[in-house]
Amino acid sequence: MNLLYSEVEDDLRAAVRDVLADRCTPADVLGRIETDRPYDAGLWRVLGADLGLAGLLVPEKLGGQGGTEREAAVVLEELGGAVAPVPFLGSAVLAVSALLGCDTADAGVAGLLGRLASGEATGTLAVPLSAAPGAAFPAAVRADAAGRLTGTVSSVADARTADVLVVPALGPDGPGLYEVAAGAARLTPVVSLDLTRPLADLTLDGAPGRLLPPAAGGSAGAALERALLRGAGLLASEQVGVAQWCLDETVRYLKERRQFGRVVGSFQALKHRLADLWLEVVSARAAARAAADALAAETSGADALVTETAEASGVTGAKEARIAVAVAASYASPVAVHAAEEALQLHGGIGMTWEHPVHLFLKRAKADEIALGTPGTHRAALAGLVDLPA
Amino acid sequence: MTTVPQGGGQAEPGPQSPETKAGAMAAGTEGDTIAPELRRRVRALLAAYDPATIPLREFLRARFDAGLAWVHFPEGLGGLGVPRALQAAVDAELAAAKAPDNDPRRIGIGLGMAAPTILRFGTEEQQQRFLRPLWTGEEVWCQLFSEPGAGSDLAGLRTRAVRDGDTWVVDGQKVWTSSAHTARWAILIARTDPDVPKHRGITYFVCDMTAPGVEVRPLRQATGEAEFNEVFLTGVRIPDAHRLGEVGDGWRVAQATLMNERVAIGGTALPREGGMIEKAAATWRSRPELRTPELHGRLLALWVEAEVTRLTAERARQQLAAGAPGPEGSGLKLAFARLNQRISGFELELLGEDGLRYGDWTMVRPELVDFYGRDAGYRYLRAKGNSIEGGTSEILRNIVAERVLGLPAEPRTDKDVAWKDLPR
């Protein structure tokens, strides 16, 4: 288990950070959130197509970068630290991960992966953002024998910028994943708690869909689970990015803000809170790295790379990844929320204003806590995984 | 409890230059060539000294002389000057051959604190004299740092050392001294110049615990045991040859000791579900009648926290091995203390009626420090010391805030004043 960052990962981080520093400052984001274009298409073109992040997880032979979950985690740290309004999670993580659980030898699957990877199209997975790994296959959408889909899916992330939807639906032969053109669905924007990842409700009324065949020996349920597990595990890295920004910004502010004739950051009452917060962020980073590493090991099928701890106890790669994701997701969520809450409080009055960006991070952190399984959901999953039954 | 260090002074880098070699090892180059050589040495040791028949001390001395005691130490001092990370493979190979170890829990202060300090600041003569019997466990070490009036403010210590020709005469009182009753030697800091500010008038010594004038009295703690002691020093004579570092430079030497102590307490490698959570999880599995939904939620939250703390320590070790020591080490002990306290408190509550009973209040003087031993009540009480020993959690938060986050220190009144003129 490698919990550090490789040189390649450091380089990737630097490239993403450069773009964000240039095009995604807090002022940029604040200026966009109340417009009718809350997502930044120009920024996504640079990140997704030019830098190749849209196809980061797609194998090279399918037109992508052939990167791993470890690298996607680094990207999410940076995107979280900028609350960047781009559909990386929905398109490059959730939709791509679901498609990689399908039969990639199928021309339709491979073609869609290629279009997503090149940035020619942007996708998302049509599930509520609150969907958690381990849940039953959704029954909100039905497909008929002609592949026409009917039903509604609420609170879908990154749907507003999507060209293509990957829709889980119950068809005549059971659960299936369907490719649906976004234009074939009715999309209702939702007034969202998280202003930088606004949601939409989708209504499908006989929308034409194309069944995406599952991987050999797999199923639509397994492909969906694959995507949700990756989403939940990698979201922990986004939460680390959010938390790190809140910590850094608060430390910076407390070094310059003066009251009572001294820098307020010299008061122990505040220093101790920040030291505790630092420890939380450092711990969340270790947990998030472990999850990304375990997911990457599972994807590559390299069970040999699984931790020695796991080997000793006979834990398989799949189980190890599920444990690591449950640990990271349940731990990092409250850390990001706590970091944002502390940032707001320790900034005092300015932290409560609309003009200061801390509220964007608080809203992202709180929404992320609910996204892809609450901490309680992930802990409950752990009970079965580590033999601590109720 | 060993000592209560404090905040001033600078963080010291690790005691060993070979850490830089570890970067190459992590990249998979140098370690690949060293590892077979280490294995060859282990086999040669086992062939020459059969652990099944050779007396314990003799085997341990031979292991030290083969450079397999602590491989990152220099050759001739129990090591081979190779990366610390390679030690695990040596230990595993020896354990597989059922070779005895040096029972590190019994000599933790020597291994974790005295040895790295002697290696870094000791003369060649001191290194040759002290390190081998320290490592084999033939000579137990303790630490004479804290005093009744100098806990978190350790640099304010009053124990005096006055020069008398080639020796120093030491008078004072030390406290919270684990293993003083079994120790042959102590690392000691004492005031040698009261006329300069407190951090500058301290000198670091090795004190013979069998010397006349050293009196050790057990100090009973909340668990009922007397794990630590008070040590009274009355006219104790220490040869100048047993001084570690320069006269007046003892604070800097002590900082090195304390940094090692915190890593030793908080940075130990554990398997998943190792340490305090192991006990609580075992109780949960074996006693289904105790389970409630509310306790279940708390147990899972504690399990997650234990696993994350383990991963954080593992990440800090990987950073160290890769030659890029991260600041995580400073905070590990904070996490470790809070976790142990919360889990042990939970375990007593989980036990319900059984939690009302305590194993044994009899005052004993244990030979080793055991955080996870005995019964749940003992573990709960012993864990209370985790946030005090080796630097209180409050002092550690100051260290993180000032040295990691770069926040300014509180205004101080004692920094540029001669120690003798400080208000008392």
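Each value, and the rule that gives it
Residues numbered from 1 in each chain as written. Chains lettered and ligands numbered in written order. Predicted model: local features only at pLDDT ≥ 70, side-chain atom pairs only at ≥ 80, totals over all residues. Heavy atoms only, no water. UniProt positions renumbered as here; feature names shortened; annotations may be inferred. Helix = DSSP H or I, 4+ residues; strand = E, 2+ residues; numbered from the N terminus. Rg over C-alpha atoms; globule rule 2.2 N^0.38 Å. Contact = heavy atoms within 4.5 Å. Areas by Shrake-Rupley, 256 points an atom, 1.4 Å probe, with all protein chains shown as cover. Axes fitted to C-alpha atoms, helices over the stretch in contact; angles between N-to-C directions. Parallel < 35°, antiparallel > 145°, perpendicular 65-115°, else oblique. Left-handed = near helix turned anticlockwise from the far one by under 90°. Nonpolar A, V, L, I, M, F, W, Y, C, P; charged D, E, K, R; others polar. Domains from an automatic or database assignment. Buried area = accessible area lost by both parts, 1.4 Å probe. Salt bridge = Lys/Arg side-chain N within 4 Å of Asp/Glu carboxyl O. Buried < 20%, exposed > 50% of the residue type's maximum accessible area, 1.4 Å probe, protein only. Pairing = 2+ DSSP bridges. Phe/Tyr/Trp six-rings, centres within 6.5 Å; stacked < 30°, edge-to-face > 60°. Core = buried A, V, L, I, M, F, W, Y, C linked by side-chain atoms within 4.5 Å. Polar contact = N/O pair within 3.5 Å; in protein donor to acceptor, adjacent residues only side chain to side chain. Expected span 1.5 Å × (residues − 1). Disulfide = S-S within 2.5 Å.

- Looking at an unreviewed UniProt entry, chain A carries the name Acyl-CoA/acyl-ACP dehydrogenase, with the source organism given as Actinacidiphila acididurans.
- You can read under Cofactor (unreviewed entry) in the UniProt record for chain A the words "FAD".
- Among the UniProt annotations of chain A, the heading Sequence similarities (unreviewed entry) holds the following wording: "Belongs to the acyl-CoA dehydrogenase family."

**With respect to the overall build of chain A**
Stage number 1. Broken down by element type, chain A carries 12 helices and nine strands.
Stage number 2. Its C-alpha atoms give chain A a radius of gyration of 21 Å, within 12% of the compact-globule value 21 Å for 390 residues.
Stage number 3. Seen along its three principal axes, the alpha-carbon backbone of chain A occupies a region of about 75 × 55 × 40 Å.
Stage number 4. In chain A, 77% of the contacts between residues at least 6 apart in sequence involve partners at least 24 apart.
Stage number 5. Accessible area of chain A: about 14300 Å², with a carbon and sulfur share of 53%.

**Considerations on the packing of helix 1 (residues 7-23) of chain A against helix 4 (residues 69-81) of chain A**
Residues and elements named next belong to chain A.
Stage number 1. Contact pair helix 1 / helix 4: the axes reach a minimum separation of 9 Å and the direction vectors enclose 30°. Between helix 1 and helix 4, the angle is such that the two are roughly parallel. By crossing handedness, the relation of helix 1 to helix 4 is classed as right-handed. From helix 1, Val8, Glu9, Leu12, Arg13, Val16, Arg17 and Leu20 reach across to helix 4, where they touch Arg70, Glu71, Val74, Val75, Glu77, Glu78 and Leu79.
Stage number 2. For the contact of helix 1 with helix 4, a count of residues per class yields seven nonpolar, no polar and seven charged.

**Concerning the domain arrangement of chain B**
Residue and element names in this part refer to chain B.
Stage number 1. One can read the domain layout of chain B as domain 1 (19-107), domain 2 (110-255) and domain 3 (261-404).
Stage number 2. Here the C-alpha centre of domain 2 lies 29 Å away from the C-alpha centre of domain 1.
Stage number 3. Across the domain 1 to domain 2 interface the summed buried area is about 1600 Å²; carbon plus sulfur atoms make up 66%.
Stage number 4. The largest share of the area that domain 1 buries against domain 2 comes from Trp70, Leu77 and Ile107, three residues that together contribute 35% of it.
Stage number 5. Applying the counting rule to domain 1 against domain 2 returns two salt bridges.

**Focus: the environment of glutamate 298 of chain A**
All names here are of chain A.
Stage number 1. Tracing the backbone through its elements, the reader meets glutamate 298 in helix 8 (residues 268-299).
Stage number 2. By relative accessible area, which is 25% here, glutamate 298 ends up partly exposed.
Stage number 3. Beyond its immediate chain neighbours, meaning those up to four positions away, glutamate 298 contacts Leu229, Arg230, Gly317, Ala318 and Ala321.

**Quick word on the pairing of strand 5 (residues 202-208) of chain B**
Residue and element names in this part refer to chain B.
Stage number 1. Counted residue by residue, strand 5 has six buried out of seven residues, so it is predominantly covered.
Stage number 2. Two strands pair when backbone bridges link them, and strand 4 (residues 185-191) and strand 5 are joined in this way by seven bridges, in the antiparallel orientation. For tryptophan 185, the partnering residue across the bridge sits in strand 5 and is aspartate 208.
Stage number 3. For strand 5 and strand 8 (residues 243-244), the ladder comprises two bridges, and the chain directions are antiparallel. Note on strand 8: the bridge partner recorded for phenylalanine 205 is arginine 243.

**Some points on the packing of helix 5 (residues 88-100) of chain A against helix 6 (residues 107-118) of chain A**
When two helices pack together, their arrangement is captured by the angle between the axes and the distance separating the axes.
Residues and elements named next belong to chain A.
Stage number 1. Where helix 5 meets helix 6, the closest approach of the two axes is 10 Å, and the angle between their N-to-C directions is 165°. As summarised for this structure, helix 5 and helix 6 are arranged roughly antiparallel, according to the angle between their axes. Between helix 5 and helix 6 lies a crossing whose hand is left-handed. The residues of helix 6 that touch helix 5, namely those facing Ser91, Ala95, Val96, Leu99 and Leu100, are Val109, Leu112, Leu113 and Leu116.
Stage number 2. For the contact of helix 5 with helix 6, the class distribution of residues is eight nonpolar, one polar and no charged.

**Comments concerning the packing of aromatic side chains**
All names here are of chain A.
Stage number 1. Across all of its chains, the model carries 14 aromatic pairs over all chains by this definition.
Stage number 2. Taking the centre distance of 3.7 Å and the plane angle of 0° together, the rings of tryptophan 245 and phenylalanine 361 count as stacked. With tryptophan 245 in helix 7 (residues 220-256) and phenylalanine 361 in helix 11 (residues 358-370), the pair connects residues that are 116 residues apart, well separated along the chain.
Stage number 3. A residue is classified by how much of its surface remains accessible, and tryptophan 245, at 15% relative accessible area, is buried.

**Here we look at the UniProt feature "domain: Acyl-CoA dehydrogenase/oxidase N-terminal" (unreviewed entry) in chain A**
Stage number 1. UniProt marks residues 7-92 of chain A with the feature "domain: Acyl-CoA dehydrogenase/oxidase N-terminal" (unreviewed entry), using the numbering shown here.
Stage number 2. Taken end to end, residues 7-92 of chain A is 60% helix and 0% strand, and its first and last C-alpha atoms sit 22 Å apart.

**Regarding the nonpolar core**
Stage number 1. By size, the foremost hydrophobic cluster in this structure holds 152 residues, and its most contacted members are Leu20, Leu47, Phe88, Leu125, Leu177, Leu274 and Leu382 of chain A.
Stage number 2. Per-element tally for this core: the top contributor is helix 7 of chain A, with 19 residues.
Stage number 3. Ignoring sequence-local partners within four residues, the contact set of leucine 177 of chain A consists of Ala98, Cys102, Phe137, Val166, Val167, Pro168, Arg210, Leu211, Leu212, Ala220, Ala223 and Leu224 of chain A.
Stage number 4. Formed by 73 residues, the second largest nonpolar core is a distinct cluster that contains Ala150, Ala190, Val231 and Leu233 of chain B.

**Regarding the interface of chain A and chain B**
Stage number 1. Every contact between the two is made by 43 residues of chain A and, on the other side, 43 residues of chain B.
Stage number 2. In total, about 3800 Å² of surface goes out of reach between chain A and chain B, with carbon and sulfur atoms giving 69% of it.
Stage number 3. Considering only the side of chain A, the residues that lose the most area to chain B are Lys271, Trp278 and Leu388 of chain A, jointly responsible for 18% of the buried surface there.
Stage number 4. Along the contact surface separating chain A from chain B lie five salt bridges.
Stage number 5. Its salt-bridge partner being aspartate 387 of chain A, residue arginine 285 of chain B comes within 3.3 Å of it at the nearest N-O pair.
Stage number 6. The tally of links between chain A and chain B comes to 18 residue pairs in polar contact (both at pLDDT 80 or more).

**A look at helix 12 (residues 393-404) of chain B**
Residue and element names in this part refer to chain B.
Stage number 1. Compared with the 16 Å implied by 1.5 Å per residue over 12 residues, the 15 Å span of helix 12 between its first and last C-alpha is a close match.
Stage number 2. The set of residues buried in helix 12 consists of Ser393, Ile395, Leu396, Arg397, Asn398, Ile399, Val400 and Ala401.
Stage number 3. In the segment just after helix 12, glycine 406 is the residue with positive phi, at about 75°.

**Notes on the pattern of salt bridges**
Residue and element names in this part refer to chain A.
Stage number 1. By the definition in use, this model includes 62 salt bridges over all chains.
Stage number 2. One salt bridge connects glutamate 77 with arginine 13, and the closest N-O pair in it is separated by 3.0 Å. Of the two residues, glutamate 77 is situated in helix 4 and arginine 13 in helix 1; the sequence distance between them amounts to 64 residues.
Stage number 3. Note on arginine 13: relative accessible area 12%, which makes it buried.
Stage number 4. Arginine 364 is the partner of glutamate 238 in a salt bridge, and the nearest nitrogen-oxygen pair spans 3.1 Å. Here glutamate 238 is found in helix 7, whereas its partner arginine 364 is found in helix 11, with 126 residues between them in sequence. Summarising the burial analysis for this pair, glutamate 238 and arginine 364 share the class buried.

**Here we look at the state of the cysteines**
Residues and elements named next belong to chain A.
Stage number 1. Across all of its chains, the model carries zero disulfides over all chains by this definition.
Stage number 2. Summary of cysteine pairing: cysteine 24 is not part of a disulfide, and the nearest cysteine sulfur, belonging to cysteine 246, is at 15 Å.
Stage number 3. By relative accessible area, cysteine 24 is classed as buried at 5%.
Stage number 4. The buried category is assigned to cysteine 246, whose relative accessible area is 0%.

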